[in-house]
Amino acid sequence: MVKAAVSPLRERVAGLLDSPFVGMSPWIVFSLLVGPGRFEWAVGAALLISLALVVGSRLAGHGGSVKILEVADLVFFAVMAVIGLVASAGTHQWLETYAGEISNIALTLIAFGSMAVGMPFTIQYAREQVDPAFWKTPAFLRTNYIITGVWGLAFLVAAIAGAYGDLVLRNPNNIWTGWIIQILAIVAALRFTVWYPDVARARARGGDHPVPPLSDLLLPLAGMLVPVGIAVLVFDGHLWWLGVALVVVGGWLSRLLKRQGDQAAPAGGGTSA
């Protein structure tokens, strides 16, 4: 009985570990947390997540390949932790200011570099969810190139936003450059990663399988405008009018896109397989 109860749990954990977002989560957490007075917390959190991914993968009985990204996670943040322990006060201050940009630039290079050598990094995760017969098909390869490219663009946007806040605004804690823009870029890439494979599969199967509507991609992003607007009202009071506008527009767009999705649903109601 214990075995039967554990097996579904292992299956769920294994499925979670097959997501490229999970492999990137230590970097994302680090780039969002790091800042003046927060370097140790950011490195510690990222290193713990990296360790948890490797250990969790083994404990879950996950038989997949060792991911390049998981190894990079562990090595990078272990090195950063050691540097943080031995660095001088000046180096420590520099790291607190610019480590977020370093991590985002590193991820951008990993994404576009993996595409340049013909092995987009998302493909290791995708292969564990797709029959090996499809691994070398043009549609499978093209899908992973596109998704990896979107992640590369998201990290590039995050790096540019962070650099603008640090170098131009001289304010690492700026709510827009340090948080909102970076979070929206990551959420957009994550949502695209979920949405686009269904689009690619529908196109490959032909006209009998309707393509998921664009509203499926945009609805969660529109919903994000509401909490962003609330955050602006709370933390950036002189732009209260923008906060109100984001809440109103986000609510209106969410309702509009949901209605469009509901109208498109009957056409694809029998295509869940």
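Use the structure listed above.
Residues numbered from 1 in each chain as written. Predicted model: local features only at pLDDT ≥ 70, side-chain atom pairs only at ≥ 80, totals over all residues. Heavy atoms only, no water.

A. Structural view of the pattern of salt bridges. Applying the stated criterion to the full structure yields 2 salt bridges. Between Arg201 and Asp198 there is a salt bridge; the shortest N-O distance is 2.4 Å. A residue pair is termed a helical-turn pair when its members lie 3 or 4 positions apart in one helix, as Arg201 and Asp198 do in helix H8 (residues 175-205) at 3 residues. Look at Arg201 and you get partly exposed, because its relative accessible area is 40%. Across the pair Asp262 and Lys258 runs a salt bridge whose closest N-O atoms are separated by 3.4 Å. Here Lys258 and Asp262 lie together in helix H10 (residues 240-264), a separation of 4 residues that amounts to about one turn. Taking the relative accessible area as the measure of exposure, Lys258 reaches 47% and is therefore partly exposed. (Salt bridge = Lys/Arg side-chain N within 4 Å of Asp/Glu carboxyl O. Helix = DSSP H or I, 4+ residues; strand = E, 2+ residues; numbered from the N terminus. Buried < 20%, exposed > 50% of the residue type's maximum accessible area, 1.4 Å probe, protein only.)

B. Looking closely at the packing of helix H2 (residues 20-33) against helix H5 (residues 89-116). With their axes 8 Å apart at the nearest point, H2 and H5 run at an angle of 150° to one another. Judged by the angle between their axes, H2 and H5 are roughly antiparallel. Relative to H5, H2 is oriented so that their crossing is left-handed. On the side of H2, the interface is formed by Met24, Trp27, Phe30 and Ser31, while H5 contributes Ala99, Gly100, Ser103, Asn104, Ala106, Leu107 and Ile110. Of the residues contributing to the contact of H2 with H5, the split by class is 7 nonpolar, 4 polar and no charged. (Axes fitted to C-alpha atoms, helices over the stretch in contact; angles between N-to-C directions. Parallel < 35°, antiparallel > 145°, perpendicular 65-115°, else oblique. Left-handed = near helix turned anticlockwise from the far one by under 90°. Contact = heavy atoms within 4.5 Å. Nonpolar A, V, L, I, M, F, W, Y, C, P; charged D, E, K, R; others polar.)

C. View of the environment of Ala163. With respect to the helices and strands, Ala163 occurs in helix H7 (residues 138-168). Residue Ala163 is classed as partly exposed on the basis of its relative accessible area of 23%. In sequence terms Ala163 and Ile102 are 61 residues apart; their C-alpha atoms lie 9.6 Å from each other. Beyond its immediate stretch of four places on either side in the chain, Ala163 contacts Glu101 and Val168.

D. Focus on the packing of helix H4 (residues 68-86) against H5. Running from amino to carboxyl end, H4 crosses H5 at an angle of 165°, the nearest separation of the two axes being 13 Å. Comparing their axes, H5 and H4 come out roughly antiparallel. Where H4 crosses over H5, the handedness of that crossing is right-handed. Packed against H4, whose contacting residues are Leu69, Phe76, Met80, Ile83 and Gly84, the element H5 presents His92, Leu95, Ala99, Ile102, Leu107 and Ile110 at the interface. Broken down by class, the residue content of the contact of H4 with H5 amounts to 9 nonpolar, 2 polar and no charged.

E. Spatial organisation of H2. Spanning 14 residues, H2 covers 20 Å between terminal C-alpha atoms, matching the ideal 20 Å at 1.5 Å per step. The element H2 is extensively covered by neighbouring structure, given that 11 of its 14 residues are classed as buried. Those residues of H2 lying buried are Pro20, Val22, Gly23, Met24, Ser25, Pro26, Trp27, Ile28, Phe30, Ser31 and Leu32. (Expected span 1.5 Å × (residues − 1).)

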